[in-house]
Structures are given as structure tokens and as C-alpha cells.
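# Chains, contacts and geometry: an overview
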Amino acid sequence: MLFPLILQRPMLSTPTLPRKTFAFLLGGVLLVGLVACGSSTPMAPASSASSALESAAADSLLRQVKTQIREATDKGSLDSLKQARAWAKQATGGDRAALAHYYVALADYRMSNRLPEEDEARRERVIEDAIGHLKRATEINGTMADAWALLSGCYGQMMGMNPMQGMSLGPKANEAMKRAKEHGPNNPRVWIIDGTSDFYTPGMFGGDKEKALTKFEKAARLAEQGSPDDPLMPSWGHAEAHAWVGVAHMEAERYDPARTAFETALDLNPDYGWVRSVLLPRLEQQAG
């Protein structure tokens, strides 16, 4: 299975942000625009001004979504992920539609890893929703490596829940990952998702945990090179890459490098609940 129970982090509650955030942001942008224009400055045509204001409001909303998904992932909050998904969906009609669809899917992807493993029907619905949004994202922007990589990962999760669909979903997952590497060869999230596929695929079907480790280490190196120029674009993965390096070492009973990797992940993100509350305690238990 591509993403088993090890990915499920403790369910810690965190307060959701106000539901009227989008309306508030749009109102704030309108107010700033009116103050900035002044009586002596000619105003832009109504349609252009309205479009610019709507775009600014959508950008503000997506910035909020990105932050919410990161914090909800750290804390393991299903409710906060649901809220982030709802906000992202509000932005799917704007000029950042591909990115908005991606964030809807990312929230789904994170949620699926927090739902009980036995609740397979619900997990399957969440992944199906993610796949639909990622397909739409890649239709709008065919060069979006993050969307292709996440699509490959979601196909992998679906195969884990429905092994009989491997014949049809396997080629789709491979094709999506091929596109991801084509458009984002230096994208650390591409290599994290590709590495998890190697890690959880049975050896008889081409899986290889040491090969996965190599990809996780590559992802960690790439993530050190910095964040994207556009602050709205995905930038997760630095701490997560080190967490996966630790998981691979722990699986091979190399406990010292596993501990080092987990500590590095926490140095990068002290709020990383999966490492602090799940992986490190598991390491201590296994290492004795």
C-alpha cells in the first residue's frame, strides 16, 4: 500500500479561521483600492478594476489556504484541512484556478492520511475528489509539476485501497510521474512522492526501499536550494523529506541516522507533529 497507517498523525484539534474570510479580504482590498486612487488620479475602467480586485482577493485567500494546510498538517487537524479545502474551492473560478484546484487536492490528500484506515469508503471518496481536481489543474496548466506529482501519488493511494485496479491505475500513475519529472526535475515534492511509491510498492512489483531512500535524500538536497519565487506556489517538503529519510533508515534498523534525520526535520519545523509525536517515539521503541 502506498500510504499506510504510518502516515496518520495524531488528531489534535486546532481552531478554524472565520468563515467570512474571503468576503473580508475582498472588502479590505476594495477599501485599499479606493484610498489609493484619490480624487486626482484617473480611475481604471470598472471592469479592469473589478478584475484586479478579484484577483488580489483570490491571491490573499490562497495565501491563507497555503498557511492553513501547513498548520493543519503539522497539528493533524482534520477540521482545519476541511476548512482549507473549502476556501481553496472558492478560488477555483479565478485566474489562479489551476493552483486553487491543486490546493483543494492537497487538502484532500492530507485528509486521506488522517482518516481511519478501516474507513476505506470515505478515504476512497476523498482521493477520488483529489484526482478530479488534479486532472482539472493539469488541464488548465499542463506544466504544473506539483499537480502531476500529486496526481501520481493519489493514483497510488487508490491502488492501495483497490489492488484489482492496478492494471488500469498503474500506467496512469507512471504517466503522471513522468510528466512531473519532465516539468519539475528539481522539484523536491516530485521526488518525495516518487520515493514513497518505491518505498511501499512490493519488491516483486519493482519497489525498493533503498532506492526510495536515495530519492528522499535527493528531495532534501533540492529543498535546501530555496523556495519558489511566487509565494503562493507549493513549497512544502523540506522537513518532510528528512522525515522520510528517517523512516527509510528506521525501516532498515539504522537507528542513529534515523534519529539524526528526525531531529533535522524538527529543526526545520519544530511543530511537525508526525515526527515529534509518532516517528520519534516509534524509533525509541524499536531501538530499545
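Cut-off values and rules
Counting of residues starts from 1 at the beginning of each chain's written sequence and follows it residue by residue. Local features are withheld for residues below a pLDDT of 70 in this predicted model, meaning they are given only at 70 or higher, and side-chain atom pairs are given and counted only at 80 or more; totals for whole chains, interfaces and linings count all residues. Hydrogens and water are ignored here; the side-chain numbers use all heavy atoms of the structure. Here, a salt bridge means any side-chain nitrogen of Lys or Arg that lies within 4 Å of a carboxyl oxygen of Asp or Glu. The secondary structure listing takes helices from DSSP runs of H or I that are at least 4 residues long and strands from runs of E that are at least 2 residues long, numbered from the N terminus. Three labels apply to residues, based on accessible area from a 1.4 Å probe with only protein chains included: buried if under 20% of the type maximum, exposed if over 50%, partly exposed otherwise in between. In plain words, nonpolar cores are sets of buried Ala, Val, Leu, Ile, Met, Phe, Trp, Tyr and Cys residues tied together by side-chain atoms within 4.5 Å. Throughout, a residue-residue contact means that at least one pair of heavy atoms, one from each residue, lies within 4.5 Å. Centre distance within 6.5 Å is the pairing criterion for rings of Phe, Tyr and Trp, where only the six-membered ring of Trp is used; planes under 30 degrees apart are then read as stacked, over 60 as edge-to-face, and the remainder as tilted. To sit over a ring, a charge needs its Lys NZ or Arg CZ within 6 Å of the ring centre and within 35 degrees of the ring normal.

Attention now moves to the pattern of salt bridges. All chains considered together, the criterion is met by 14 salt bridges. Salt-bridge contacts for D59 lead to R96; the nearest nitrogen and oxygen are separated by 3.5 Å. Here R96 lies in the loop between α3 (78-90) and α4 (97-112) and D59 lies in helix α2 (residues 46-75), a separation of 37 residues in the sequence. Residue classification places D59 among the buried residues on the basis of a relative accessible area of 18%. The partner of E240 in a salt bridge is R110, and the shortest N-O contact between them spans 3.0 Å. Note that E240 is positioned in helix α10 (residues 238-251) and R110 in helix α4, a separation of 130 residues in sequence. We classify R110 as buried; its relative accessible area is 5%.

Take the nonpolar core next. Of all hydrophobic cores here, the largest spans 80 residues; its most connected members are Y102, Y103, L150, F262 and V275. Among the elements that take part in this core, α4 stands out by supplying eleven residues, more than any other. Residues contacting Y102, with those up to four places away along its chain left out, are L134, A137, M144, D146, A147, L150, P234 and W236.

A word on the packing of aromatic side chains. Under the counting rule described, the total for this entry stands at seven aromatic pairs. Here the aromatic rings of F199 and W244 are separated by 6.2 Å at their centres, their planes lie at 65°, and the arrangement is edge-to-face. Here W244 lies in helix α10 and F199 lies in helix α8 (residues 188-200), a separation of 45 residues in the sequence. Each member of the pair, F199 as well as W244, is classed as buried. The ring centre of W191 lies 3.8 Å from the NZ or CZ of K218, which sits over that ring.

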